[in-house]
Amino acid sequence: MSSGSSGSSGSSGSSRRPPRTTKAGRARRARRARAAVFLPAACAVALAFWSVWCFGGASAPSTTVAVSVGGAAVLAAGVAYFLLVTGNAGFFGALSLVAGMLLTAAAADQAAARSEVAECVVVKVFGEHKEAIVDGGLDTTLYHHTLRCPGGYPSTMARDRRLAPDGGTIRVAYDPRRRVNPAVEGANSPWLPGFLAVVTLAAATAGARRVSLRWSRPEPEPTPRRRRGPSGPSAP
């Protein structure tokens, strides 16, 4: 009975071992992850060119088309990355890739030309208090400025701080074709979103490379289990 039970337990223990991946399967996964290594840089460059053209091109598409195409590209890139890498690395790498592409578009927006500058009067400022989404988070206040500018544009501007008291004046840089949002003159800088984009895209690239190297290595052979022989008679 003991030998039978031990044999059954041994067979059940061996059946619980995860199936080994074939050499062809490991090579296929390595190739897919290797392709994902180049995906973040390629997608970010493509989105950057698209954003720059939409924000400053002479024949730029409408805002609806620009946002729709850009959003579809970001979503497709994230899904493609996850399908190529798979697993937890694929999931978190896809999130990093999506964040990096959104930051790339934000950097292009900050760098877009706002060729006209107007001196506007701040008619009134309204502070909108926003509570934190999670417990322990920081509450924020968004300040909506009603402006009176030459030509009537821009008429409003929302920022996370009060730009001037009621009746004060600010210099606003804007695009006459209204392809990008107006901003306070000299306040926009693409360096911070650009730096964060590089960090997140590098994380996605590193994750895909790590998975590629893991599947490129041969799978170690399992250690054979030593069989215990029957115990002999005890000495008198």
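Just above sits the structure.
What you see is a predicted model, and the numbers here were worked out from it, not measured in a lab.

Engineer: How do you make sense of the environment of A108 when you look at a structure like this?
Structural biologist: Here A108 is to be found in helix α5 (residues 87-111). Separated by 52 residues in sequence, A108 and G56 place their C-alpha atoms 9.9 Å apart. Dropping the residues within four chain positions of it, A108 is found in contact with S51, V52 and F55.

Engineer: Explanation requested: the pattern of salt bridges in the structure shown.
Structural biologist: Pairing is possible between side chains of opposite charge, provided their charged atoms come close. In the structure shown here, the tally under the stated rule is 2 salt bridges. One salt bridge in this structure joins D166 and R162, with 3.9 Å as the shortest N-O distance. When the shortest N-O distance is used, the salt bridge between R171 and E185 registers 2.7 Å. Of this pair, R171 sits in strand β4 (residues 169-174) while E185 sits in the loop between β5 (183-184) and α6 (191-216), and the two are 14 residues apart along the sequence.

Engineer: Looking at this model, I keep getting lost on unusual backbone geometry. Mind explaining?
Structural biologist: Most peptide bonds are trans, and most residues other than glycine sit at a negative phi. Here the bond from Y153 into P154 is cis, since omega is -5 degrees, no more than 30 degrees from zero. Examined against the element boundaries, P154 turns out to sit in the loop between β2 (140-148) and β3 (156-159). Positive phi, close to 65 degrees, is recorded for T86, a residue that is not glycine. Position of T86 relative to the elements: it lies in the loop between α4 (63-85) and α5. Of the residues examined, T86 reaches a relative accessible area of 37% and is grouped as partly exposed.

How each quantity is defined
- Residues numbered from 1 in each chain as written.
- Predicted model: local features only at pLDDT ≥ 70, side-chain atom pairs only at ≥ 80, totals over all residues.
- Heavy atoms only, no water.
- Helix = DSSP H or I, 4+ residues; strand = E, 2+ residues; numbered from the N terminus.
- Contact = heavy atoms within 4.5 Å.
- Salt bridge = Lys/Arg side-chain N within 4 Å of Asp/Glu carboxyl O.
- Buried < 20%, exposed > 50% of the residue type's maximum accessible area, 1.4 Å probe, protein only.

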